[in-house]
Amino acid sequence: MKFIYYFFATFLISTLSHGQISESFDTGLPTSFQTGSYTLSSGTWEGVSVRNEQNTNRARTGTSAAKLHRNRTPNASITTPILLGAGTVSFWYRKLRTQDASGTISLQWSTDGINYTTLITQSYTALTYSQISFNINSPSNLTIRILNDNDAGRVIIDDFEVTAYTSPPSCSAAEVTSTLAIEDCDNNEYSIEIDISN
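In every chain, residue numbers begin from 1 and rise along the written sequence. Predicted model: local features are reported for residues with pLDDT of at least 70 only, side-chain atom pairs are reported and counted for 80 or more only, and whole-chain, interface and lining totals are derived from all residues. To obtain the side-chain values, all non-hydrogen atoms of the structure were used and water was disregarded.

Asks: What exactly am I supposed to notice about the overall build of the protein here?
Replies: Note on conventions: DSSP H or I runs of at least 4 residues are helices, E runs of at least 2 residues are strands, and numbering of each starts at the N terminus. Scanning the protein from N- to C-terminus turns up 0 helices and 13 strands. Order of helices (α) and strands (β) in the protein, N terminus to C terminus: β-β-β-β-β-β-β-β-β-β-β-β-β. Three exposure classes are used, based on accessible area relative to the maximum for each residue type with a 1.4 Å probe and protein chains only: buried under 20%, partly exposed in between, and exposed over 50%. Residues classed as buried in the protein amount to 39% of the 198 residues present. Contacts: residue pairs with any heavy atoms within 4.5 Å of one another. Counting contacts in the protein only where the partners sit at least 6 residues apart, residues at least 24 apart contribute 69% of the total. Computed with the Shrake-Rupley method and a 1.4 Å probe, the accessible areas treat only the protein chains shown as cover for residues. Only carbon and sulfur atoms are counted for the fraction: they give 49% of the accessible area of the protein, which is about 10,800 Å².

Below is the structure:
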């Protein structure tokens, strides 16, 4: 007798990429603490009590960095343009000067530009740069904000980057036909023939 079965087994991987952003803060920030919109090389950012840090010795790379003020209400912050999805967000940060107090910054995101969710909070205590990195991997339109949590210290931000969103693998099926033939033989012995075709 014969048994026929069908096996569906094709795995299709597709990758969908969305917008990404990279910002060094070398141009476009005001020279005094201001609140409003800033036209930077990567687009229009929004900020509260932000200015450039022109001391090249304090920039991680390039000629400038972004400086967030201290003891502000509302809290000093800087926010990206609207991103068409996001993969991993990363940036570098440090305390401004030795005499400045330490503090904490928060990395946040929002899909409506109003209600922000904190992804990670990190203290800044040193004059050397450290990096924050967080994998958002969302296809939604969103903004990302760095918040100085109303601390007595001032913080410098540099080399901000968001990689493109990458969609998870998706599957689609293609038909593979396999025919399995089993024939009775003498002396109760069997032979099996398998024919697999696409």
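Structure's up, so let's keep going.
Asks: Please explain the side chain of Gln108 as it appears in this structure.
Replies: Looking at the secondary structure, you find Gln108 in strand E8 (residues 103-110). Note on Gln108: relative accessible area 6%, which makes it buried. Polar contacts involving the side chain of Gln108 include one to the side chain of Thr118, which spans 3.1 Å. At 2.7 Å, the side chain of Gln108 and the side chain of Arg145 are in polar contact. Setting aside residues up to four positions removed in sequence, Gln108 forms contacts with Tyr116, Thr117, Thr118, Leu119, Thr143, Ile144, Arg145 and Leu147. Pairs of N or O atoms within 3.5 Å make up the polar contacts considered here, provided that, within protein, one atom can donate a hydrogen while the other can accept it, and that residues adjacent in sequence are counted only when both atoms are side-chain atoms.

Asks: For this particular structure, what's the right way to read the nonpolar core?
Replies: What tends to happen in soluble globular proteins is that the nonpolar side chains get buried as a cluster. Residues Phe25, Ile78, Phe91, Ile144, Ile157 and Phe160 are the most contacted members of the largest nonpolar core, which totals 29 residues. At the level of elements, strand E3 (34-40), strand E4 (43-53), strand E5 (65-68), strand E7 (83-95), E8, strand E9 (117-124), strand E10 (130-148) and strand E11 (155-162) are the ones that each hand at least two residues to this core. Buried residues of nine kinds, namely Ala, Val, Leu, Ile, Met, Phe, Trp, Tyr and Cys, make up a nonpolar core once their side-chain atoms join them within 4.5 Å.

Asks: What am I meant to see in the side chain of Ser77 here?
Replies: Considering the arrangement of structural elements, one finds Ser77 in strand E6 (residues 77-79). Taking relative accessible area as the criterion, Ser77 reaches 5% and is therefore assigned buried. Setting aside residues up to four positions removed in sequence, Ser77 forms contacts with Glu46, Gly47, Val48, Val50, Leu68, Arg145, Ile146 and Leu147.

Asks: Where do I start with the packing of aromatic side chains in this structure?
Replies: By convention here, two paired aromatic rings are described through the distance between centres and the angle between planes. Classification of ring pairs rests on two measures: the distance between centres of Phe, Tyr or Trp rings, Trp counted by its six-membered ring, which must be within 6.5 Å, and the angle between planes, read as stacked under 30 degrees, edge-to-face over 60 and tilted in between. Taken as a whole and judged by the stated rule, the model has 4 aromatic pairs. Ring geometry for Phe91 against Phe160: centres 6.2 Å apart, planes inclined by 20°, an arrangement best described as stacked. Highlighted residues: Phe91 in strand E7 and Phe160 in strand E11, separated in sequence by 69 residues. Across this residue pair, the class does not change: Phe91 and Phe160 are buried.

Asks: Can you help me understand the confidence of the model for the protein in this one?
Replies: In low-pLDDT segments, the atomic positions of the prediction should not be examined closely. Per-residue confidence from the predictor is reported as pLDDT, which spans 0 to 100. Averaged over all residues, the pLDDT of the protein equals 83, while 76% of them reach at least 70. Scored below 50 in pLDDT, residues 1-18 makes 47 contacts in the model with residues more than four places away or belonging to other chains.

Asks: It is not clear to me how the pairing of E10 should be interpreted in this structure. Could you clarify?
Replies: One requirement defines pairing of two strands: DSSP has to find at least two bridges between them. Looking at chain direction, E6 and E10 are connected through 3 bridges and run antiparallel. The residue of E10 that forms the bridge with Ile78 is Ile146. Pairing of E7 with E10, which is carried by 9 bridges, proceeds in the antiparallel orientation. When the sheet's bridge partners are listed, Tyr93 is paired in E10 with Ser130. With 6 bridges joining them, E8 and E10 adopt antiparallel strand pairing. Within E10, the residue paired with Trp109 across the bridge is Ile144.

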